[in-house]
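The chain contents come next:
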Amino acid sequence: MAGGQSMDIITKVLEDQIIQTAKVVEEQLDAELGKLEKMDDDELEKLKERRLEALKKAQKQKQEWLSKGHGEYREIPSERDFFQEVKESKHVVCHFYKDTTFRCKILDKHLSLLAKKHLETKFIKLNVEKAPFLTERLRIKVIPTLALVKDGKTKDYIVGFADLGNTDEFTTETLEWRLGCSEVINYSGDLVQPLMQGQKPGSKVTKLDKKTIRGKGYDSGSDDD
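Residues numbered from 1 in each chain as written. Predicted model: local features only at pLDDT ≥ 70, side-chain atom pairs only at ≥ 80, totals over all residues. Heavy atoms only, no water.

Participant: Could you give an account of the packing of aromatic side chains, naming the residues involved and the relevant values?
Facilitator: Evaluated as defined, the whole model comprises three aromatic pairs. Judged by centre distance (4.8 Å) and plane angle (75 degrees), the ring pair of Phe 161 and Phe 170 falls under edge-to-face. Of the two residues examined, Phe 161 and Phe 170, each falls in the buried class. Just above the ring of Tyr 97 sits the side chain of Lys 125; from NZ or CZ to the centre is 4.3 Å. (Phe/Tyr/Trp six-rings, centres within 6.5 Å; stacked < 30°, edge-to-face > 60°. Buried < 20%, exposed > 50% of the residue type's maximum accessible area, 1.4 Å probe, protein only. Lys NZ or Arg CZ within 6 Å of the ring centre and 35° of its normal.)

Next up, the structure:
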């Protein structure tokens, strides 16, 4: 009997919470509708104009990104092209790869998907065998390595798969989370909790320090000549 009464109390509390939440949402909707109802024709017209302007601005930004090679994951032919690519885009992810490294092909698959999803960021790849100066300058010793560039400077690196659960089976969402931690993409998920689906049993994932792994950011725009 006591157990049944306890369940009844819990049920009643939950019902009250649901009703209260519904009331709050309803009040918020009423308030928004009330604002719209109070607007005169001029105010409504101005609201429509502002929204239309915002849509036009977003479309213009999208077209600008596409004109600079955003929206697709592509290979650049040389290290000289790297400097030009990072100069013209605010956010760039560059995959330093080798044809003979299997893990580079795994990254290719995920980066192709993310390039289509995150138009705000440019996704490129560069063969390290064609970029000896840049590879040395950025101190890239492990393949694959992703260089994460913001405002023309390399701010962070993803070296191998250590930050991705130490497994070849990491998901695209895991890589997306890691890029979000470095603020090189617009990430809307939870940065505190790593998305480590496919993580091997016993492998550990630690919280990431947002500071550059290598220390000082490399100014990739200063050596164009």
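Participant: Now, about unusual backbone geometry: what can you tell me, with residues and values included?
Facilitator: Here the bond from Ile 143 into Pro 144 is cis, since omega is 5 degrees, no more than 30 degrees from zero. Of note in the backbone geometry, Glu 183 takes a positive phi value of approximately 60 degrees without being a glycine. Along the chain, Glu 183 falls in the loop between α6 (172-181) and β6 (218-219). The exposure class of Glu 183 is partly exposed, given its relative accessible area of 42%. (Helix = DSSP H or I, 4+ residues; strand = E, 2+ residues; numbered from the N terminus.)

Participant: Which residues make up a negative patch on the surface, and what are the values?
Facilitator: On the surface, Asp 40, Asp 41, Asp 42, Glu 43, Glu 45 and Glu 49 cluster together to form a negatively charged patch. The residue Glu 45 is located in helix α2 (residues 41-67) in this model. Using a relative accessible area of 41% as the deciding quantity, one classes Glu 45 as partly exposed. (Patch = residues over 30% accessible without salt bridge, like charges linked within 9 Å, V, L, I, M, F, W, Y side chains within 5 Å. Areas by Shrake-Rupley, 256 points an atom, 1.4 Å probe, with all protein chains shown as cover. Salt bridge = Lys/Arg side-chain N within 4 Å of Asp/Glu carboxyl O. Lys, Arg positive; Asp, Glu negative; His and termini not counted. Charge placed at Lys NZ, Arg CZ, Asp CG, Glu CD.)

Participant: Mind laying out the pattern of salt bridges, listing which residues take part and the relevant values?
Facilitator: Following the criterion strictly, the structure yields eleven salt bridges and no others. We note a salt bridge from Arg 74 to Glu 85, for which the minimum N-O separation is 2.8 Å. With Arg 74 in strand β1 (residues 73-75) and Glu 85 in helix α3 (residues 79-88), this pair connects stretches of sequence that are eleven residues apart. A relative accessible area of 11% places Glu 85 in the buried class. Salt-bridge contacts for Lys 117 lead to Glu 176; the nearest nitrogen and oxygen are separated by 2.9 Å. With a gap of 59 residues between them, Lys 117 in helix α4 (residues 102-117) and Glu 176 in helix α6 connect regions that are remote in the sequence. Beyond isolated ion pairs, a larger network of salt bridges with shared partners links Arg 74, Glu 85, Glu 88 and Lys 122.

Participant: Give a detailed account of the nonpolar core, specifying residues and quantitative values.
Facilitator: Within the largest apolar cluster, 21 residues are counted, with the highest numbers of intra-cluster contacts made by Val 93, Leu 111, Phe 123, Leu 146, Leu 175 and Leu 179. Those elements giving two or more residues to this core turn out to be α4, β4 (145-150) and α6. Per-element accounting of this core gives the leading share, five residues, to α4. Not counting the four nearest positions on each side in its chain, Phe 123 is found in contact with Glu 72, Tyr 73, Arg 74, Val 93, Leu 111, Leu 114, Ala 115, His 118, Leu 179 and Ile 185. Among the nonpolar cores identified, the runner-up in size contains 17 residues, and Leu 126, Ala 131, Leu 138 and Val 149 belong to it. (Core = buried A, V, L, I, M, F, W, Y, C linked by side-chain atoms within 4.5 Å. Contact = heavy atoms within 4.5 Å.)

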